[in-house]
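Chains, contacts and geometry: an overview
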Amino acid sequence: MPFGIWDAAAILLKTLTYAATLGAAGAVFFLRYNGPSITSANRLRIRHLVLGLALSSVLAGAAQIMVSAASMSGSAAGMWDGSLLRMVWQAGAGRADTARAIGLLTAVLLVLPGRPSGWALLGAALAATSFAWTGHARSLNPDALPILLLGVHLLGVAFWLGALLPLLMVASDGDLPRMAAAASRFGAAAIFVVAVLMAAGTALLWMLLGHVAALWGSTYGRYVMLKLTFVACLLALAAYNKLRLTPRLRGGDVRAAQSLRTSIRLELLAGMSILAVTAAFTTLTGPPALD
Amino acid sequence: MVKPWILAAAAAGMILTGPVFAHAKLQSSIPAADARLQVAPKSLTLSFNESVRLAALTLTAGSKDIPVTVDRNAPAAAQVSVALPALAPGQYVVQWSALSVDDGHVSKGTFAFVVVGAAVAAAAAAGAAAAAIPAAQ
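Since the structure is predicted, the reported quantities are computational estimates derived from the model, not experimental observations.

As a further point, take the overall build of chain B. When you go through chain B residue by residue, the secondary structure sums to two helices and seven strands. Written out in order from the N terminus, the α and β elements of chain B read α-β-β-β-β-β-β-β-α. Within chain B, the fraction of its 137 residues that count as buried is 23%.

Structure below.
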């Protein structure tokens, strides 16, 4: 079946849903562990960011269901076809979208007035892990461990990628000590979080691929290798920030602030590339273990 | 010096080369893909490797759409059938799309079959037999 306009639209919307949801959840986490050390103006901007990303996530998720219906019917009329929309909704998208919306609503309502409470973190975690409620991990048998691993992986991704926009906001206000403090807090937590997310991702990948040769011997595996290339870029940038730029910021080096902003923008680009590749291969291909 | 975008496009091409929409897989169909049938089928059956819900199925003969009814309220199953109207001799193209109930992913596919018709098949068989007689002598 040829790749068509609806498939391109589905991948784009899936990428947006990933980015907005994980971005909102990660910004809530960031406010929790970094809130006291950043300015009230930045806290307000990050709360607005959470609100904007949550709204974008819900809209993109709804549009994704409509595009799936159109993709199945082969025409735009499918977007308004009640029986097709119901079919997509009942096949898991409805359950995942509902969980995501409840999680984001909880997080937004509790983040807007002040520092995120435990309930706000729970809402953010529910939204971030909602992607595990549907997709390939659910097709494995038994599916409990793959779903758990995917949930852990998603929480780590939300923590990591979701911190980038808030970090960029903090890095843009010219206050070097606050900038260094925020980067240090993030960097200290990120070592543990990234190790856990990589371990969970590797274990899940092993289950989905079935054998190592599938990495280069299958379309799915080749997409995964492209994703891992972007992950390597992201890790390299993160290491540069932590080991080189953060110490220079602590020492009051003004040029390090500009370098940090550039580096975070590049990390955002790498992060969006990872999400786009993930959206592409989970839409277009199936894992070898399910063949 | 090879430009980076050319390398990127080549890498993307290598990665994208391969089957796509490999979620729920169509394992077989009745009529089979590329089948030549003497008798027009009364129904079309698709067998998948997992439970699906059939979302759409179109049957075309040349540029003519043949009306087929898909029951979207049918429960998910690994084998789905649709009734066909009376088909005249000709080539038919089937396009289907289905939704996997396990992972919520869309699968699509297309295949063709030919209804030769009993009269045409008998004539072809008679022609083949007549051609075989001199050769045997």
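Having seen the model, we can carry on.
In this section: unusual backbone geometry. Residues and elements named next belong to chain B. Geometrically, the link from Ile30 to Pro31 is a cis peptide bond, its omega value of 0° lying close to zero. If you check the backbone angles, Asp34 has positive phi at about 65° while not being a glycine. Here Asp34 shows up in the loop between β1 (26-30) and β2 (36-37).

Right, let's talk about the nonpolar core for a bit. The biggest cluster of nonpolar side chains holds 114 residues, and the ones touching the most others in it are Ala24, Ala27, Val28, Val50, Ala107 and Ala158 of chain A. Among residues more than four places away in sequence, those in contact with Ala27 of chain A are Ile46, Leu49, Val50, Leu53, Gly162, Leu165 and Pro166 of chain A.

This part is about the interface of chain A and chain B. Chain A puts 26 residues into the contact, and the matching count from chain B is 22 residues. Considering each element in turn, the side of chain A that touches chain B owes the most residues, seven residues, to helix α3 (residues 82-111) of chain A. A breakdown of the residues in the side of chain A that touches chain B according to their chemical character gives eleven nonpolar, 13 polar and two charged.

This brings us to the pairing of strand β7 (residues 106-115) of chain B. All names here are of chain B. Of the pairings in the sheet, the one linking β2 to β7 comprises two bridges and is parallel in character. Directly across from Arg36, in β7, lies its bridge partner Val114. Two elements, strand β6 (residues 90-100) and β7, share ten bridges in a ladder whose sense is antiparallel. When the bridges of β7 are listed, Ser97 appears paired with Lys108. Where β6 hands over to β7, the hairpin turn is made up of five residues, of which Gly104 adopts a positive phi near 75°.

Residues and elements named next belong to chain A. Running from amino to carboxyl end, helix α8 (residues 176-209) crosses helix α10 (residues 219-250) at an angle of 160°, the nearest separation of the two axes being 10 Å. When the axis of α8 is compared with that of α10, the two are roughly antiparallel. Note that α8 runs across α10; the crossing there is left-handed. Contacts from Leu176, Met179, Ala180, Ala183, Ser184, Gly187, Ala190, Leu205 and Leu209 in α8 reach Gly221, Val224, Ala238, Asn241, Lys242, Thr246, Leu249 and Arg250 in α10. Here the contact of α8 with α10 is composed, by residue class, of ten nonpolar, five polar and two charged.

Residue and element names in this part refer to chain A. Of all bends in α8, the biggest is about 35°, found at Ala190. Among the residues making up α8, those that are buried are Met179, Ala180, Ala182, Ala183, Phe186, Leu197, Ala200, Gly201, Leu204, Leu205 and Leu208. In this structure, the buried side of α8 is in contact with α1 (5-34), α5 (136-139), α6 (144-161), α7 (164-171), α10 and α11 (254-284). Looking one or two residues beyond α8, the residue adopting positive phi is Gly210, at roughly 90°.

So, on to the packing of α1 of chain A against α6 of chain A. All names here are of chain A. α6 packs onto α1 with a crossing angle of 70° between their chain directions and a minimal axis gap of 7 Å. Between α1 and α6, the angle falls in the class roughly perpendicular. Contacts between α1 and α6 involve Leu22, Gly23, Ala25, Gly26 and Phe29 on the former and, on the latter, Val157, Ala158, Phe159 and Leu161. Tallied by class, the residues present in the contact of α1 with α6 amount to seven nonpolar, two polar and no charged.

Strand residues, when the strand is regular, have side chains that alternate between the two faces of the sheet. In the sheet, strand β3 (residues 43-61) of chain B pairs with β6 of chain B via eight bridges, with the strands oriented antiparallel. Residue pairing across strands places Leu54 of chain B opposite Ala98 of chain B, the latter belonging to β6 of chain B.

About the criteria used
- Residues numbered from 1 in each chain as written.
- Chains lettered and ligands numbered in written order.
- Predicted model: local features only at pLDDT ≥ 70, side-chain atom pairs only at ≥ 80, totals over all residues.
- Helix = DSSP H or I, 4+ residues; strand = E, 2+ residues; numbered from the N terminus.
- Buried ≥ 20, exposed ≤ 12 C-beta atoms within 10 Å, placed from the backbone.
- Core = buried A, V, L, I, M, F, W, Y, C linked by C-beta atoms within 7 Å.
- Contact = placed C-beta atoms within 7 Å.
- Nonpolar A, V, L, I, M, F, W, Y, C, P; charged D, E, K, R; others polar.
- Pairing = 2+ DSSP bridges.
- Axes fitted to C-alpha atoms, helices over the stretch in contact; angles between N-to-C directions.
- Parallel < 35°, antiparallel > 145°, perpendicular 65-115°, else oblique.
- Left-handed = near helix turned anticlockwise from the far one by under 90°.
- Bend = angle between axes of the 7 residues up to and from the residue.

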